[in-house]
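What follows is the residue order along each chain.
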Protein chains: 2
Amino acid sequence: MARIVMKFGGTSVADLDRIRAVAARVKREVDAGNEVAVVVSAMAGATNQLVAWCTQLSPLHDAREYDAVVATGEQVTSGLLAIALQTRGVDARSWQGWQAGVVTDAAHGKARIEEIAGDEMVARMQAGQVPVVAGFQGLGPDRRITTLGRGGSDTSAVALAAALHADRCDIYTDVDGVYTTDPRIVSRARKLPRIAYEEMLELASVGAKVLQTRSVELAMKERVRVQVLSSFDDGTSLGGDLRGTLVVDEDEIVEKEIVSGIAYSRDEAKVTVCRVPDRPGIAAAVFGPLSAASINVDMIVQNISADGNTDMTFTLNRADLPRAEQVLADNRDKIGYRELVADKEVAKISVVGVGMRSHSGVATTMFQALAAKGINIQVISTSEIKVSVLIGAEYTELAVRALHTAYGLDA
Amino acid sequence: MARIVMKFGGTSVADLDRIRAVAARVKREVDAGNEVAVVVSAMAGATNQLVAWCTQLSPLHDAREYDAVVATGEQVTSGLLAIALQTRGVDARSWQGWQAGVVTDAAHGKARIEEIAGDEMVARMQAGQVPVVAGFQGLGPDRRITTLGRGGSDTSAVALAAALHADRCDIYTDVDGVYTTDPRIVSRARKLPRIAYEEMLELASVGAKVLQTRSVELAMKERVRVQVLSSFDDGTSLGGDLRGTLVVDEDEIVEKEIVSGIAYSRDEAKVTVCRVPDRPGIAAAVFGPLSAASINVDMIVQNISADGNTDMTFTLNRADLPRAEQVLADNRDKIGYRELVADKEVAKISVVGVGMRSHSGVATTMFQALAAKGINIQVISTSEIKVSVLIGAEYTELAVRALHTAYGLDA
């Protein structure tokens, strides 16, 4: 007997047939003697429609009203799944965020969960009832509906698992686990049976969009064991068979790979601020205004100074590039640079693995493998468990394949 | 300066353009110096879709889950209208039933409003804010979402007007007022500038479906002045111009017509229970089982007894006829009738008017007008302000036109 939170994304509840299939799957976990709580997203497409209505009425709409409108998507699926479960003889009821005691901060549209009052739900689960909780939503300090931002249902599920002291949080999605890299690029990519929270975070933040980053951070903080599973397999076995990928504490992984996966991101842009005076405070002068404009800067490189001037290069999300150029132009006098050079034709490739901590030579392997394919490295950035390089976007697939082979990840 | 509740039905908020038009209309009332609260229905068609999903998952779905699903329709429009108002510079916010303190009983799917806590809304209205309240919904005693049943947004609006001590409740709908009869049958039907609550109730219950019956009962009880207006006229003037029909206390109507309107209903069926023993308790034996089966019986006629047996005739909603026949068949031995004769080809025609109370001869005029057209009357029923007759369904239009002329209602 285990206590499990099962989370189903938008494609898993896209229509009534799929909702029925979800109900059947939940029933199997219940029949196996588990205590189950469910978190649901909105039907695929529903949220986009609701967002579009808000945006069409006003591009600068009130985020509190946006939240009231958009939260209805999950409300619908929570009620429908409860009905589908009841018709299968499973005692179930829906819980909206405000009913389930999902308390968030006041950041409408991207709120953070502060607390979930799980006591009543636990008591009902022990009595055999399945709570079906609307994901993605909560109640703000002013008693208004908040939403957690896109993909927030993953975070809802992990937070609920923590509040209910669940043994596991199963995230059913349209992929069947976490792979060593994107199988669309490398056909010999392997599904990882286990991955550490830190690795998952690095993979998620560089483009392997299986779980929302914040949900992984929360899982790591609360030590919630998360399993990524497909909702589209034959569905005859139970989540407990661990056919997906389990995201767990590093200590739970006995056989640590040096490199667990190769990630890539095409959403990058590179900016070089040329010939700025090489003096204390110049980095603050460049990055202060960008930060004030809520533009996240990723990799930063400053070249060695020769003539009292230096070049400063950084990367950022490609969508932020026009705003970043504007902000820097507005501050040109204060920074005192000669010119700005922007490049959108770049990609970031990262190798990730907790085993790196105790192994040297990981970066060298990467540089050699890329050099062997004639790929020039523009920027390098490293962390404890990750090495990232910026390369020309046209080399993305070539680089990913070369590295997948170089680190012995091919199936 | 007046305090006004404005209610917009599903066709008035069917898409973003209509929501924008509603916002413009609300703004005009605000700009005229009025304190305004708004009640909205779901977008036309939205509720039907949500109901269909519930029914497809289970014809016998949990009414509490049904309510959670169906209430989202109004939640969406309340948020969207708030956004549309804000873009026009009108301070506005949405209120869901549970936020607005709309307390109902526990009868999910057809709940009754017990109380609305209007204090905070009044304070905000006085500060210039427009509350946009999701109609049709409330909060049950178990802190779960309830809905009021189809058409319940009218009731929400009237209850809100009572709670806010509003001067008037304007119901914007797809007709522009209450007419002396159905203009599709009588082209010379006139729009009534005023009508008494009691008349409106009689007209609504016999088929002039402009307002939900319960909303009129509530308006009468709470003395809320209700105005029926079209949301599709040119929209340049204000509700205060009283271009619709005002539903008010009889005392507010100075020039009382003897007959205000002619109503008809085609949803009738007639049942005759032939040759039942004419003894005390026989009516209870016939109607007790029907009542126990929640079948509403309308007109009842018992013929004079000749040989110790009698015929008993009654009318009911046509949709209930199969169940009524079954119930009576099941109780045949107890009642002791010889046979049942059912007739679905009947219609009920009613003349309604509070002026009837102080005038005689109203029924006679009706009987003469129908006789002059050769229309046979099958059943007669009268109340203080109404005379109804059951006739062959094929005579419906002929009867309505004849009576409209006979009572001097033609324009």
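Residues numbered from 1 in each chain as written. Chains lettered and ligands numbered in written order. Predicted model: local features only at pLDDT ≥ 70, side-chain atom pairs only at ≥ 80, totals over all residues.

Q: An account of the relation of the copies chain B and chain A is requested, with residue identities and associated values reported.
A: Between the two copies, chain B and chain A, the superposition gives an RMSD of 0.3 Å; the rotation angle is 179 degrees and the shift along the axis is 0.1 Å. Here the copies are linked by what is in effect a two-fold axis. Nearest to the rotation axis, the C-alpha of Thr72(B) is located 2.6 Å from it, this being the minimum over chain B. Most of the interface of chain B is mirrored in chain A, where 100% of its interface residues again form contacts. (Least-squares fit on C-alpha atoms with pLDDT ≥ 70 in both. Contact = placed C-beta atoms within 7 Å.)

Q: I'd like to hear about unusual backbone geometry, residue by residue, with values.
A: Most of the time, phi is negative for any residue but glycine, and the peptide bond is trans. Residues and elements named next belong to chain B. Even without a glycine there, the phi angle at His-165 is positive, about 50 degrees. Among the structural elements, His-165 can be located in the loop between α6 (152–163) and β9 (168–173). Even without being glycine, Ser-294 reaches a positive phi, approximately 60 degrees. Inspection of the secondary structure puts Ser-294 in the loop between α9 (282–292) and β14 (297–302). Given 8 C-beta atoms within a 10 Å radius, Ser-294 is considered exposed. (Helix = DSSP H or I, 4+ residues; strand = E, 2+ residues; numbered from the N terminus. Buried ≥ 20, exposed ≤ 12 C-beta atoms within 10 Å, placed from the backbone.)

Q: Lay out the packing of helix α1 (residues 16–31) of chain B against helix α4 (residues 72–87) of chain B in plain terms, naming residues and giving numbers.
A: All names here are of chain B. Contact geometry of α1 with α4 gives a least axis separation of 9 Å together with a crossing angle of 60 degrees. Classified by the angle their axes make, α1 and α4 are oblique. As α1 runs across α4, the sense of the crossing is right-handed. Side by side, α1 and α4 meet where Ile-19, Arg-20, Val-22, Ala-23, Val-26 and Lys-27 of the first sit next to Leu-80, Leu-81, Ala-84 and Leu-85 of the second. When the residues that make up the contact of α1 with α4 are grouped by side-chain class, the tally is eight nonpolar, no polar and two charged. (Axes fitted to C-alpha atoms, helices over the stretch in contact; angles between N-to-C directions. Parallel < 35°, antiparallel > 145°, perpendicular 65-115°, else oblique. Left-handed = near helix turned anticlockwise from the far one by under 90°. Nonpolar A, V, L, I, M, F, W, Y, C, P; charged D, E, K, R; others polar.)

Q: Go over the interface of chain B and chain A with me, naming the residues and quoting the values.
A: By a frequent convention, interface size equals the accessible area lost on bringing the separate parts together. At the interface, 26 residues of chain B touch 26 residues of chain A. Element by element, the count of residues in the side of chain B that touches chain A is highest for α4(B), at 11 residues. Of the residues in the side of chain B that touches chain A, the class split is 12 nonpolar, 11 polar and three charged.

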